[in-house]
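Chain and residue survey
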Protein chains: 6
Amino acid sequence: MADGKLTHLDPLGRARMVDVTPKEPTHRRALARCKVFMKPETTALVANNAVTKGDVLGAARIAGIQAAKRTPDLIPLCHPLLVGSVYINFTLGDTYVEVEAQVETVDRTGVEMEALTAASVAALTIYDMCKSYDRTMVVGDLALWEKVGGRSGHWRREEAVEL
Amino acid sequence: MADGKLTHLDPLGRARMVDVTPKEPTHRRALARCKVFMKPETTALVANNAVTKGDVLGAARIAGIQAAKRTPDLIPLCHPLLVGSVYINFTLGDTYVEVEAQVETVDRTGVEMEALTAASVAALTIYDMCKSYDRTMVVGDLALWEKVGGRSGHWRREEAVEL
Amino acid sequence: MADGKLTHLDPLGRARMVDVTPKEPTHRRALARCKVFMKPETTALVANNAVTKGDVLGAARIAGIQAAKRTPDLIPLCHPLLVGSVYINFTLGDTYVEVEAQVETVDRTGVEMEALTAASVAALTIYDMCKSYDRTMVVGDLALWEKVGGRSGHWRREEAVEL
Amino acid sequence: MADGKLTHLDPLGRARMVDVTPKEPTHRRALARCKVFMKPETTALVANNAVTKGDVLGAARIAGIQAAKRTPDLIPLCHPLLVGSVYINFTLGDTYVEVEAQVETVDRTGVEMEALTAASVAALTIYDMCKSYDRTMVVGDLALWEKVGGRSGHWRREEAVEL
Amino acid sequence: MADGKLTHLDPLGRARMVDVTPKEPTHRRALARCKVFMKPETTALVANNAVTKGDVLGAARIAGIQAAKRTPDLIPLCHPLLVGSVYINFTLGDTYVEVEAQVETVDRTGVEMEALTAASVAALTIYDMCKSYDRTMVVGDLALWEKVGGRSGHWRREEAVEL
Amino acid sequence: MADGKLTHLDPLGRARMVDVTPKEPTHRRALARCKVFMKPETTALVANNAVTKGDVLGAARIAGIQAAKRTPDLIPLCHPLLVGSVYINFTLGDTYVEVEAQVETVDRTGVEMEALTAASVAALTIYDMCKSYDRTMVVGDLALWEKVGGRSGHWRREEAVEL
């Protein structure tokens, strides 16, 4: 906190969308994950594509990709950028569906928020399609796992940090 | 699953946005909560309104309210409705900020997804504004806590269910 | 044209979104269809879910449902309304994929534009996912096939009218 | 200010979108006006449809109608509603174009913000299309002129109040 | 199909928005056309600007331009890009209005979907404004006619291919 | 008008979004201002953060930043671009709140419309939050004050030009 991160502060101490125009566009990548915790019976329905509202993971994938593109419209101080690729995948556990979202671009700013937003909206879509079976589902463990490009170079979350 | 919840199934077993037109509009309410887990130093910055990007909770509140209105645009099979009120609040713990979102409407369908989406986007906004301090924040415990109105009447999440 | 349909005319002869507030909300339904004409090899790829960009019909269905909700945002003089159900289905012929979109609501105005827009955007999504195989695809035969509710009652397109 | 308008205050004194669900839907109407002040030569170009970017008033009318529909997406605490009619008109003076926007609906909340937003965006569109001729244009006198329906009944702005 | 177009395939065979970040931005152009088939009386109304809903072609042009900008928001796997120009024009035949949309940009990906979407939405707008005269209109012959830039160079649709 | 600004004219004299692809991206900046005129009592409420709807200037700042990003979606012939920074600030006078919006980017086209739109929407948000106190507020003096970059170089509005 003492390391001079005061670039966001305008003369009156109010919020602004910090200026990225002096930066050069570089390749950026970010990877985020979250989990939708649910009853084993619900996971089984998802796995067997037996949810009556339709193909849960197919719909969640599309919703996540679309959400990545809309991130700056949702997150107030997030810079707009053009996502160059979005990749959403799922791993099924006994009591959860894990969502993984990876976003890449060539831009002046990173794509962490795009990856986190894509994972969140994919998870919310899973919740929506399964909620008639299970109202007690919980979305958790939403975190950034990898970030490549920009001033901070290559960063990976360590397993032990996981909640 | 055996209780006849097959209303979403179209003749080819594909997804559809289930028909709510035969229902009468009634008063609906839903309450969702989640937590943004962060280092105590980061929580302190939020509490003291010392985050350089600006007023974190003020921005998150606006972002959550706006997200409630855009829920059907984000979640593919979610019915559009007109939210009648949105209320976002925050509780600060030592290592987390808890987000609470309550949505009300008079409509043919419930507002769970609106409350969950509002809480998620408020949490993502907190993440975005604090991420230059702490890349290891985790958003978790996103769950529905109360639901009023509609066929299922009044439902409350029991504490013990919490993750 | 001589039958008094001049209600849209404002004092200066300019466009306006005609007033529907004096009408009572009633149940409305509309059914639209179109075809994406393509090479038999492309149809076979769609049928076998072998298109490398992914599940073509699954993505097109989601895109069509989302487009139905966004119709008033796309078509300038179209009244906003809350779609109560959207149903998108596909029929595969040797040289085309037929898209069928049905939309229902309870409102003061009809849902023809929602059904036509849903069918169009589903067709465009099919085009997008198959275009690396076949740049010569044609979208055609987009028409309203049925309209229920409102002043004009129940209307069905006659087969012979088809292009 | 002393008359008990504290309904917007949540327990922590923070913003919320105030609850309109207890109200009954009634017919609402609002009328707003603004002016785009410009050089007489620019007004002449608009009047003669000689602006090279195209039909200024036609484009501004469409932009204003679309903006009325998007008002709750732009104004954070504005309730979503379904506009039932939008009417945009123009009066040309020697040194200004006056924009008039009227919006009607049947809802639990008023349409002032929709009328004001429609007028603003129509004015901004006029500015955009004429700005290569005149960078010194000013948009002003944006005000509510009439409001019908809701608790406050029928209200009209008095001429003398005009700025 | 056997020529190695498997770049869209992720490890699980699911959809992803394919990565365009390794490509260099180049100038791109695409031209699409479609027709709105209608009764001669309806075409005459459009030609004489006598449609009561207002200036049909003016509104359709604006709607098409706006749709070009929103293409990635409508088509799930479509990459976002910044359109550099959009040009919509119309040709009136005895029984149809032909829509032509041309889009240009400098980007890593082509603008075919932008041109096709612009033409579609312009056609839907024509339908919307004329539908009180003629419910049997058909939108057809939507096709890509020219594509410039990118790996495939300059491509033109041959007349004989037309449906 | 005689200086050859006919580049927007297409062969039929209709509107088009003029082609910016031949231009090189350069740094652009624009500054716009407007005023919300209100009763002294209302200004005092804003200054003391005593408006019951919440933090007026905080909400207006977020709304203005979000509006800058959505400008091309609101203004039909406005080119899409990626804003690199947005800065909204306020000055309180006895009978007005002045809004100042500055936008920067590196692009082929200027950001005047982004700055003007941000200022307008921030002003509309102030109006919305204060309107229960004062229905006679007026938004005025919306003008471009500075423009840097592009063919026209550095331009500043002269004080005397102010309305």
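Note that the coordinates shown come from a computational prediction; the quantities given were computed from them, not determined experimentally. (Residues numbered from 1 in each chain as written. Chains lettered and ligands numbered in written order. Predicted model: local features only at pLDDT ≥ 70, side-chain atom pairs only at ≥ 80, totals over all residues. Heavy atoms only, no water.)

This part is about the overall build of chain A. Helix and strand counts for chain A come out as three helices and five strands. Listed N to C, the secondary structure of chain A is β-α-α-β-β-α-β-β in terms of helices and strands. Counting all 163 residues of chain A, 67% fall into the buried class. Expressed as a percentage of contacts within chain A between residues at least 6 apart in sequence, the contacts between residues at least 24 apart total 72%. (Helix = DSSP H or I, 4+ residues; strand = E, 2+ residues; numbered from the N terminus. Buried < 20%, exposed > 50% of the residue type's maximum accessible area, 1.4 Å probe, protein only. Contact = heavy atoms within 4.5 Å.)

Structural alignment of chain B on chain A gives an RMSD of 0.0 Å, achieved by rotating through 180 degrees and translating 0.0 Å along the axis. Here the symmetry operator amounts to a two-fold rotation axis. No C-alpha of chain B approaches the rotation axis more nearly than that of Gly140 of chain B, which lies at 1.9 Å. Comparing interface residues between copies, 100% of those in chain B also sit at the interface in chain A, which points to an isologous, same-surface contact. (Least-squares fit on C-alpha atoms with pLDDT ≥ 70 in both.)

Residue and element names in this part refer to chain B. Taking 1.5 Å of rise per residue, 19 residues should cover 27 Å, yet helix H2 (residues 56–74) covers just 23 Å from first to last C-alpha, more than 12% shy of that figure. The largest bend in H2 is about 50 degrees, located at Ala68, with the proline Pro72 one to four residues further on. Across the 19 residues that make up H2, a large majority, 17, are buried. (Expected span 1.5 Å × (residues − 1). Bend = angle between axes of the 7 residues up to and from the residue.)

The interface is formed by 52 residues belonging to chain B together with 52 residues belonging to chain A. Between chain B and chain A, the buried area comes to about 4,800 Å², and carbon and sulfur atoms account for 70% of it. For the chain B face of the interface with chain A, the top three residues by lost area are Thr52, Leu124 and Arg135 of chain B, together amounting to 15%. Between chain B and chain A we count two salt bridges in total. (Buried area = accessible area lost by both parts, 1.4 Å probe. Salt bridge = Lys/Arg side-chain N within 4 Å of Asp/Glu carboxyl O.)

Interaxial distance between helix H3 (residues 112–130) of chain A and helix H3 (residues 112–130) of chain B falls to 11 Å at its minimum, and their mutual angle equals 165 degrees. Taken together, the axis directions place H3 of chain A and H3 of chain B in an arrangement best described as roughly antiparallel. When you trace H3 of chain A past H3 of chain B, the crossing you get is right-handed. Between H3 of chain A and H3 of chain B, the residues in contact are Met113, Leu116, Thr117, Ser120, Leu124, Tyr127 and Asp128 of chain A and Met113, Leu116, Thr117, Ser120, Leu124, Tyr127 and Asp128 of chain B, respectively. In terms of residue class, the contact of H3 of chain A with H3 of chain B is made up of eight nonpolar, four polar and two charged. (Axes fitted to C-alpha atoms, helices over the stretch in contact; angles between N-to-C directions. Parallel < 35°, antiparallel > 145°, perpendicular 65-115°, else oblique. Left-handed = near helix turned anticlockwise from the far one by under 90°. Nonpolar A, V, L, I, M, F, W, Y, C, P; charged D, E, K, R; others polar.)

Residue-level contacts link four residues of chain E with four residues of chain D. Contact with chain D buries area across many residues of chain E, yet Ala59, Ile62 and Arg70 of chain E alone supply 84% of it, more than any other trio. Across the contact surface, chain E and chain D share zero salt bridges. Along the contact surface separating chain E from chain D lie zero residue pairs in polar contact (both at pLDDT 80 or more). Each residue belonging to the side of chain E that touches chain D can be placed in one class, and the counts come to two nonpolar, no polar and two charged. (Polar contact = N/O pair within 3.5 Å; in protein donor to acceptor, adjacent residues only side chain to side chain.)

Our focus in this paragraph is the relation of the copies chain E and chain D. One copy of the chain maps onto the other through a rotation about an axis plus a displacement along that axis. Expressed as a screw operation, the relation of chain E to chain D combines 0.0 Å of axial shift with a rotation of 180 degrees, fitting to an RMSD of 0.0 Å. A symmetric contact is evident, with 100% of the interface residues of chain E recurring at the interface of chain D.

Moving on, we get to the packing of aromatic side chains. Residues and elements named next belong to chain D. Counted according to the given criterion, the structure contains six aromatic pairs over all chains. Between Phe37 and Tyr96 the ring centres are 6.2 Å apart and the planes differ by 65 degrees, which places this aromatic pair in the edge-to-face class. Of this pair, Phe37 sits in strand S1 (residues 26–37) while Tyr96 sits in strand S3 (residues 96–107), placing them 59 residues apart in sequence. (Phe/Tyr/Trp six-rings, centres within 6.5 Å; stacked < 30°, edge-to-face > 60°.)

Attention shifts here to the confidence of the model for chain A. All names here are of chain A. In the predicted model, chain A carries a mean pLDDT of 89, and 90% of its residues have values of at least 70. Here strand S5 (residues 155–156) stands out as the least confident element of chain A, with mean pLDDT 95; H3 is the most confident, with 98. Below a pLDDT of 50 lies the segment residues 1–13, which in the model reaches 21 contacts outside its immediate sequence neighbourhood of four places, other chains included. (pLDDT = per-residue confidence, 0-100.)

Let's shift gears to the packing of helix H2 (residues 56–74) of chain A against helix H2 (residues 56–74) of chain F. For the pair H2 of chain A and H2 of chain F, interaxial distance at closest approach is 9 Å and the crossing angle is 130 degrees. As far as their axial angle goes, H2 of chain F and H2 of chain A are oblique. Residues Pro72, Asp73 and Leu74 of chain A of H2 of chain A form the contact with H2 of chain F, whose participating residues are Gln66, Lys69 and Arg70 of chain F. Here the residues of the contact of H2 of chain A with H2 of chain F sort into two nonpolar, one polar and three charged.

Another aspect to go through is the pairing of strand S1 (residues 26–37) of chain E. Residues and elements named next belong to chain E. Extensive coverage of S1 is indicated by the burial of nine of its twelve residues. Direction of pairing for S1 relative to strand S3 (residues 96–107): antiparallel, over a ladder of twelve bridges. Bridging across to S3, Arg33 finds its partner in Glu100. In this structure, S1 lies alongside strand S4 (residues 138–148), joined through eight bridges in antiparallel fashion. The residue of S4 that forms the bridge with Val36 is Val139. (Pairing = 2+ DSSP bridges.)

This part covers the pattern of salt bridges. A complete count under the given rule lists 48 salt bridges over all chains for this structure. Close ionic contact of Asp73 of chain B with Arg70 of chain A constitutes a salt bridge, the shortest N to O distance being 3.8 Å. Note that Asp73 of chain B is positioned in helix H2 and Arg70 of chain A in helix H2, a pairing that runs across two chains. Owing to a relative accessible area of 7%, Arg70 of chain A belongs among the buried residues under this scheme. One salt bridge in this structure joins Arg33 of chain D and Glu100 of chain D, with 2.8 Å as the shortest N-O distance. With Arg33 of chain D in strand S1 and Glu100 of chain D in strand S3, this residue pair connects regions lying 67 residues apart in the sequence. Look at the salt bridges and you will find they share partners, linking Arg70 of chain A, Asp73 of chain B, Arg70 of chain C together with Asp73 of chain E into a network.

Once that is clear, we can look at the UniProt feature "active site" (unreviewed entry) in chain A. Here the UniProt-annotated "active site" (unreviewed entry) positions come out as Asp128 of chain A. As for its placement among the helices and strands, Asp128 of chain A is situated in helix H3. Apart from residues no more than four positions distant in its own chain, Asp128 of chain A is found in contact with Lys53 of chain A together with Ile75, Leu77, Cys78 and Met113 of chain B. (UniProt positions renumbered as here; feature names shortened; annotations may be inferred.)

For the rest of this paragraph, the subject is the nonpolar core. Among the nonpolar cores identified, the biggest contains 312 residues, and Ile126 of chain A, Ile126 of chain B, Ile126 of chain C, Ile126 of chain D, Ile126 of chain E together with Ile126 of chain F are the most heavily contacted of them. In this structure, Ile126 of chain D is in contact with Val36, Met38, Val56, Leu57, Ala60, Phe90, Val97 and Val99 of chain D, ignoring residues within four places of it in sequence. (Core = buried A, V, L, I, M, F, W, Y, C linked by side-chain atoms within 4.5 Å.)

This paragraph deals with the environment of Met129 of chain F. With respect to the helices and strands, the residue Met129 of chain F is situated in helix H3 (residues 112–130). Assessed through its relative accessible area of 1%, Met129 of chain F is described here as buried. Not counting the four nearest positions on each side in its chain, Met129 of chain F is found in contact with Leu77 of chain D together with Val51, Lys53, Gly54, Asp55, Val56 and Ala59 of chain F.

UniProt's entry tags Leu77, Cys78, His79, Met113 and Glu114 of chain A with the feature "binding site: substrate" (unreviewed entry), counted in the numbering of this structure. The named residues occupy 38 residues along the chain; their greatest pairwise C-alpha distance, 12.7 Å, places them in one compact cluster. Given a relative accessible area of 5%, Cys78 of chain A falls into the buried group. Aside from chain neighbours lying at most four places away, what touches Cys78 of chain A is Met17, Thr71, Pro72, Met113 and Glu114 of chain A, Asp128 of chain B together with Lys69 of chain F.

To continue, consider the side chain of Arg61 of chain D. Note that Arg61 of chain D resides in helix H2 (residues 56–74). Assessed through its relative accessible area of 6%, Arg61 of chain D is described here as buried. Beyond its immediate chain neighbours, meaning those up to four positions away, Arg61 of chain D contacts Arg14 and Ala15 of chain C together with Ile88, Asn89 and Phe90 of chain D.

The next subject is the side chain of Glu104 of chain D. All names here are of chain D. If you trace the backbone, Glu104 turns up in strand S3. Here His27 takes part through its side chain, which lies 3.2 Å from a polar atom of the side chain of Glu104. In terms of polar contacts, Glu104 uses its side chain to reach the side chain of Ser85, at 3.0 Å.

So, on to the environment of Val121 of chain D. On the secondary structure map, Val121 of chain D appears in helix H3 (residues 112–130). Under the relative-accessibility criterion, Val121 of chain D is labelled buried at 4%.

Residues and elements named next belong to chain E. Among all positions of helix H1 (residues 40–47), only Thr42, Thr43, Leu45 and Val46 are buried. Viewed along the axis of H1, the buried residues span an arc of 155 degrees, placing them on a single side of the element. Against helix H2 (56–74), strand S2 (85–92), S3 and helix H3 (112–130) lie the buried residues of H1. Looking one or two places after H1, you find Asn49, whose phi comes out positive at around 50 degrees. (Arc of directions from axis to C-beta.)

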